[in-house]
2 protein chains.
Amino acid sequence: MKIVPVQDFDLRREVDYGTPEQNARAKQIVSDVKTEGDTALLRYTRELDRTELTADMLRVTKSELDAAYGQVEESFIAAISSAAENIRSFHMREKRNSWMDLQPDGSILGQIIRPLKRVGVYVPGGKAAYPSSVLMNVIPAQVAGVPEIVMVTPPATGGMDGINPYILVAAAEAGVHEIYRVGGAQAIAALAYGTETIAPVDKICGPGNIYVALAKREVYGAVDIDSIAGPSEIVVLADASADPEYVAADLLSQAEHDEMASAILVTPSHDLAERVSAEVERQLELLPRRDIASASIQNYGAIIVTESLKEGISVVNRLAPEHLELMVADPMAHVGLIENAGAIFLGAYSSEPVGDYFAGPNHIIPTNGTARFSSPVDVDDFIKKSSMIYYSKEALLKNGAAIMELARGEGLEAHARAIEVRLKREGKAGEENGN
Amino acid sequence: MKIVPVQDFDLRREVDYGTPEQNARAKQIVSDVKTEGDTALLRYTRELDRTELTADMLRVTKSELDAAYGQVEESFIAAISSAAENIRSFHMREKRNSWMDLQPDGSILGQIIRPLKRVGVYVPGGKAAYPSSVLMNVIPAQVAGVPEIVMVTPPATGGMDGINPYILVAAAEAGVHEIYRVGGAQAIAALAYGTETIAPVDKICGPGNIYVALAKREVYGAVDIDSIAGPSEIVVLADASADPEYVAADLLSQAEHDEMASAILVTPSHDLAERVSAEVERQLELLPRRDIASASIQNYGAIIVTESLKEGISVVNRLAPEHLELMVADPMAHVGLIENAGAIFLGAYSSEPVGDYFAGPNHIIPTNGTARFSSPVDVDDFIKKSSMIYYSKEALLKNGAAIMELARGEGLEAHARAIEVRLKREGKAGEENGN
């Protein structure tokens, strides 16, 4: 693994907005499903997923869900059930209440916090189908109180029984029972606009291929969407106390995701840099996904040696990584200095997979430097707020003149008159009666 | 004002994404400012705002800010200062703390909540420059703790001294002292990428013309942006107890904003419908902005008569209006039934301008039916969260096997090994030493 000096290293990469042809194709599919409903949905499922379905076959049945449990090891069910419990417990702490501020003049101001009504979760098919991601999308919505959560996932080519049973078990463990075997841009359109079989949702989340991403952009506004995730990233900030074997293993756990994934070590220790570099090479050889991990390390991996730990922290803040491991002697002494990082893992035992799967915080985290201004998925992503304003007569009489002053300062006379008509009625606007 | 039966009335309108020429133009301006910095910024200011500036003239000086106070009535300064205090007080209640969950095994999980570091607020020039909007964008950012808030606003054509003094006073009252006289797509690019004079920000908010909107879309990802507001809307839900004069005045206060604004009365009372319709016509004649208000009422105004108040509530929930006034005998008895509305005004004295200017809640509220899934601007729009995971050795030893099970269930062996290398070291993974 290459050791590089501090430089203008940047995690940010171009976002793929698709070719004009892909854009046109996604637009067409969305528009067809919007106008034709199930007919177009089934036609595109036949064309693109090579699966012949009728409308009554779209929904995954209770007996299919039950059958999935038989195809999955007991130990996996136990593990995913514990993970679900931890994720639920963490997200419960994010929940907020509606609140009111009762004022001495009798006015009440407040913020009403409500769950979204219906949310759609897209789960990709094939190898990119991660049961853990099902939990990470569904549980925050559930904790927010969303009463209807629906999942869509492409049918396996050529058949009905092909949905990955691990996905179905994860969905059932998370509490989702409304699942449709549709995928691609057509599934996104069905969720956004509804069809005869699938009722429309308020928000769509979950990852997918370029057509799914483009369709989500296309329907945004009619529904909310989550943000589009870039390739995964880890930065390990380590001092001489760190264990090179642990550091290397953690870097590789990120690198195996994807050839575009990025794994970076930042350290003031030359010695650690050398040892991690050698250890990465050694462990890499033993990995089943070594081709992927190797390409990632080659193209987007680096060991950056800094003058000091302090300089290392400033490099981290500039990179604003999705995942940050603080493998330093006293991690709590440094966490307050980290301004930009999606998730921060402290100490030798907080290996990134702990958070990917199990501890409780969400694993859907801002990538591509966007941790500067955005946040991991949480309960807030599935609520909406309404302001509440109950103004008492006393408050209006007291403040009416100031409100009219501000309205007239902006040249909005009808705004001023909406107040004035009330003040006049109460005999508080110079003259009484009439205009 | 026309009375219509309950029907498939929809507040949603097409969003303006600009012509291909406008898109290309905005892209070009952004790209030029990104690469050339101040040079391009000043060139476009000369070309588009017909104002010849040098880099050292971009920033509004302290003495200009002071001078603005001399150009504005005392009563306006007092009113805007009270409004700022109310807005600050309301938004203070939205603030949240970072939190931790300390577990019995010594692990600590948490969510770190931090302000964004630097935020840019765009304020349009000319008649669309609203001092109240300056407060509504700036104060939540300030309350969130954003240390650097910067404002940009176009120079008045042909001169330096042309920035609306009401805007400058509002900025100063809100506490913004870094203000640049630049506007359009070039100002957005300067905020996103920085120039020699203007340091880059993490988020850009505030309304603007189509080029500003397109430039914001273009720079999204490099920085965060707020959502793009559609025309303003009010729905008044009223029963026979409502005062037709008040209802009409409130409908017109919305209609005067913009020819595309929408003002709708929903009521089960035929009598109220007739009286409000007549009253709107009467008040309309007396308004300085009657041409605008009249076009709005004509094209996007309606009185919808329902069978019952209950049906009225369901119409409101379908419309998901930006502003809702509940002018019914017992508004608190109905507020719990309102699922979708950006801001809810209760009772006869809570006229919409109370919230537009003064009460405290934000007046930047979701339009175009998006209150179904989005929220008024608040402190949350100016913070970011980081997950914190400190896992104890005990926790890892206890849960390591489950984490490995989940990783291997997803085919991610390097994830499993990052855990295994630690368990082995502690003698808890079957065999000790080596792989």
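Residues numbered from 1 in each chain as written. Chains lettered and ligands numbered in written order. Predicted model: local features only at pLDDT ≥ 70, side-chain atom pairs only at ≥ 80, totals over all residues. Heavy atoms only, no water.

Considerations on the domain arrangement of chain A
Basically, it comes down to this: Bear in mind that the domain bounds are from an automatic or database domain assignment.
Along its sequence, chain A is organised into domain 1 (3-12 + 230-373), domain 2 (37-225) and domain 3 (393-425). Taking the mean C-alpha position of each, domain 2 of chain A and domain 3 of chain A sit 48 Å from one another.

Re the pattern of salt bridges
The condition is simple: A pair is scored as a salt bridge if a Lys or Arg side-chain nitrogen falls within 4 Å of a carboxyl oxygen belonging to Asp or Glu. A run of H or I in DSSP counts as a helix once it spans at least four residues, and a run of E counts as a strand once it spans at least two, with each numbered from the N terminus. Think of it in three bands: with a 1.4 Å probe and only protein chains considered, a residue is buried below 20% of the maximum accessible area for its type, exposed above 50%, and partly exposed in between.
A full pass over the atoms with the stated rule returns 56 salt bridges over all chains. Glu279 of chain A serves as the salt-bridge partner of Arg282 of chain A, at 2.7 Å between the closest nitrogen and oxygen. Of the two residues, Arg282 of chain A and Glu279 of chain A are both situated in helix α10 (residues 270-284); the distance of three residues between them amounts to about one turn of the helix. Notably, a salt bridge pairs Lys385 of chain B with Asp380 of chain A, separated by 2.7 Å at the nearest N-O pair. Here Lys385 of chain B, found in strand β14 (residues 383-390), pairs with Asp380 of chain A, found in the loop between α14 (352-357) and β14 (383-390), and the two come from separate chains. Look at Asp380 of chain A and you get buried, because its relative accessible area is 16%.

Considering the packing of helix α7 (residues 184-193) of chain B against helix α8 (residues 210-219) of chain B
For any two helices packed against each other, the geometry is given by the interaxial angle and the distance between the axes. Residue and element names in this part refer to chain B. What counts here: Working convention: axes come from line fits to C-alpha atoms, limited for helices to the stretch in contact. Angles between N-to-C directions cover 0 to 180 degrees. Working rule for angles: under 35 degrees goes down as roughly parallel, over 145 as roughly antiparallel, 65 to 115 as roughly perpendicular, anything else as oblique. In this scheme the handedness of a crossing depends on how the near helix is turned from the far one: anticlockwise by less than a right angle means left-handed, clockwise means right-handed. Any pair of residues with heavy atoms lying within 4.5 Å of one another is described as a contacting pair.
Packing of α7 against α8 brings their axes to within 8 Å, and their N-to-C directions diverge by 25 degrees. One way to sum up the angle between α7 and α8 is to call them roughly parallel. The two elements α7 and α8 cross, and the hand of that crossing is right-handed. Between α7 and α8, the contacting residues are Gly184, Ala185, Ile188, Ala192 and Tyr193 on the first element and Tyr211, Val212, Ala215, Lys216, Glu218 and Val219 on the second.

Observations concerning the side chain of Asn317 of chain A
Secondary-structure assignment places Asn317 of chain A in helix α12 (residues 309-319). If we ignore the near neighbours within four places in the chain, the residues touching Asn317 of chain A are Leu337, Ile338, Glu339 and Asn340 of chain A.

Details of the packing of aromatic side chains
The line we're drawing: For this analysis, a ring pair means two rings from Phe, Tyr or Trp (six-membered ring only for Trp) whose centres lie within 6.5 Å, classed as stacked if their planes differ by under 30 degrees, edge-to-face if by over 60, and tilted for the remaining angles. The criterion is that NZ of a Lys, or CZ of an Arg, lies within 6 Å of the ring centre and within 35 degrees of the ring normal, and then a charge sits over that ring.
All chains considered together, the criterion is met by four aromatic pairs over all chains. With 4.9 Å between their ring centres and 40 degrees between their planes, Phe90 of chain A and Trp99 of chain B make a pair best called tilted. With Phe90 of chain A in helix α4 (residues 74-92) and Trp99 of chain B in strand β2 (residues 99-102), the pair connects residues from two separate chains. Taking relative accessible area as the criterion, Phe90 of chain A reaches 2% and is therefore assigned buried. Against the face of Tyr44 of chain B rests Arg43 of chain B, its NZ or CZ located 5.3 Å from the ring centre. Across from the ring centre of Phe382 of chain B, 5.3 Å away, lies the NZ or CZ of Lys203 of chain B, which sits over that ring.

Concerning the pairing of strand β4 (residues 118-122) of chain B
Every regular strand shows the same layout, with side chains that alternate between the two sheet faces. Counting buried positions along β4 of chain B yields five of five residues, so the element is predominantly enclosed. On β4 of chain B, burial covers both faces: Arg118, Gly120 and Tyr122 of chain B on one face and Val119 and Val121 of chain B on the other are all buried.

Some remarks on the packing of helix α1 (residues 20-36) of chain A against helix α2 (residues 38-49) of chain A
Residues and elements named next belong to chain A. One way to put it is that α1 packs onto α2 with a least axis distance of 6 Å and a crossing angle of 140 degrees. In terms of orientation, α1 and α2 fall into the oblique class. Contact with α1, carried on its side by Arg25, Gln28, Ile29, Asp32, Val33 and Glu36, involves Asp38, Thr39, Ala40, Leu41, Arg43, Tyr44, Glu47 and Leu48 of α2 and no other residues of that element.

Here's the deal with the relation of the copies chain B and chain A
Between the two copies of the chain lies a relationship made up of a rotation around an axis and a movement along it. So the rule is basically this: Fitting of the copies onto one another was done by least squares over C-alpha atoms, counting residues only where both copies have pLDDT of at least 70.
If you rotate chain B by 180 degrees and push it 0.0 Å along the axis, it lands on chain A with an RMSD of 0.0 Å. Read as a symmetry element, the transformation amounts to a two-fold axis. In terms of proximity to the rotation axis, the leading residue of chain B is Asp380 of chain B, whose C-alpha is 4.6 Å off the axis. The fraction of interface residues of chain B whose copies in chain A are also interface residues reaches 100%, indicating that both copies meet through the same surface.

Digging into the confidence of the model for chain A
Spelled out, the test is: Every residue gets a pLDDT, meaning the predictor's confidence in that residue, from 0 to 100.
Mean pLDDT over chain A stands at 93; residues scoring 70 or higher make up 96%. Here residues 431-435 of chain A is modelled with pLDDT under 50, and outside its nearest four sequence neighbours on either side it reaches seven contacts, counting other chains as well.

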